[in-house]
Structures are given as structure tokens and as C-alpha cells.
Amino acid sequence: VQLQASGGGLVQPGGSLRLSCVISGDGFSGYNMGWFRQAPGQEREFVAALAWTGRSTQYADSVKGRFTISRDIAKNTVYLQMNSLKPDDTAVYYCAAYQSRSIATMSRAYMYNYWGRGTLVTVSS
């Protein structure tokens, strides 16, 4: 399984970006998908996750109501739509995957065994 994230860039506060992550190999079959981010000097933190069924999502409190995770099975792509961006959202964003039927652990980075390269999001005026 390989993951390729894209879509980062520079955006003004209040703006929007959509990140994409293409999964190759097994596709989404049985994989929980997650987005994490790491700001300079800080630890990697959970942002959002989508269960392998496509029917359950989880979000960090800091992004609830602003970010939406979704997927397009035909394109083997998971998205992170980010609205109302704030300077605190500035970070390198990573997509990740792990194969499990459980959704209880989707926010835990140590569960994910496949990671893509990050894409940088900078929110600044």
C-alpha cells in the first residue's frame, strides 16, 4: 500500500483548501484512513479519520465544524476539505492508513502502519 498526499499550499486566514490522498495497492478495502498534522516544534496530532465502511468519521475538537473527511472509491482517493482556516492550522499534513474492522482507535497514530509523504499547509496573511 502506498499513499500520496497533495493539495497543500499558502492560504489566507478564513480561506479553504482541499487535500487529496491517493491510495494504491489494495485500495480502501478494510482500511481506516486518517489525516494527521505536525506543526514546527510540535508533536504529530490527529486531525480526522474515516472508517473502512465509509460511514463513520472522527475529528479533533480543534477542527470540528471546519474540516470534512471523505473518499471517492472509484478514484481510490480520500479528501480533507478544510474551511475557515486559521494560522494555527499551519502544519505538514499526512495521510495514513491501517487495516482494521474496529473504529475505536482511529485517532491513534500508532495504529497506522502506512503513511504518505506530508503536504505543507501554510495559513498566513
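Please refer to the structure higher up on the page.
Throughout this document, residue positions are counted from 1 along each chain, in the order its sequence is written. The model is predicted, so local features are restricted to residues of pLDDT at least 70 and side-chain atom pairs to those at 80 or more, both for listing and for counting; the totals for chains, interfaces and linings are taken over all residues. Heavy atoms from the whole structure form the basis of all side-chain values; hydrogens and water molecules are not counted.

Draft legend 1. Quick peek at the nonpolar core. Among the nonpolar cores identified, the biggest contains 37 residues, and Met33, Trp35, Val47, Phe67, Leu80, Met82 and Tyr93 are the most heavily contacted of them. When residues of this core are traced back to their parent elements, those giving at least two are strand E1 (2–6), strand E3 (17–24), strand E4 (31–38), strand E5 (45–50), strand E7 (67–72), strand E8 (77–82), strand E9 (91–99) and strand E11 (119–123). Secondary structure is summarised from DSSP: a helix means a run of H or I of at least four residues, a strand means a run of E of at least two, and numbering begins at the N terminus for each. Among the elements that take part in this core, E9 stands out by supplying six residues, more than any other. We call a set of buried residues a nonpolar core when its members are Ala, Val, Leu, Ile, Met, Phe, Trp, Tyr or Cys and they connect through side-chain atoms within 4.5 Å of each other. Relative accessibility under 20% of the residue-type maximum defines a buried residue, over 50% an exposed one, and the middle range a partly exposed one, all with a 1.4 Å probe and only protein chains included.

Draft legend 2. Molecular detail of unusual backbone geometry. A positive phi angle is found at Asn76, which is not glycine, with a value near 50°. Within the secondary structure, Asn76 sits in the loop between E7 and E8. Phi angles above zero are rare outside glycine, and Ser84 is one such case at about 50°. Secondary-structure assignment places Ser84 in the loop between E8 and E9.

Draft legend 3. Examining the pairing of E1 more closely. Here E1 shows a buried face lined by Leu3 and Ala5 and an unburied face lined by Gln2, Gln4 and Ser6. When E1 meets E3, the two strands line up antiparallel, connected through five bridges. Bridging across to E3, Gln2 finds its partner in Ser24. If DSSP finds at least two bridges between two strands, the strands pair.

Draft legend 4. Broad picture of the pattern of salt bridges. Salt bridge, as used here, is a side-chain nitrogen of Lys or Arg placed within 4 Å of a carboxyl oxygen of Asp or Glu. Summed over all chains, the structure comprises four salt bridges. Of the charged contacts in the structure, one is a salt bridge between Lys64 and Asp61, with a shortest N-O distance of 3.2 Å. The exposure classification of Lys64 matches that of Asp61, with both residues exposed. Here the residues in one salt-bridge network are Arg37, Glu45, Arg66 and Asp89, joined through shared partners.

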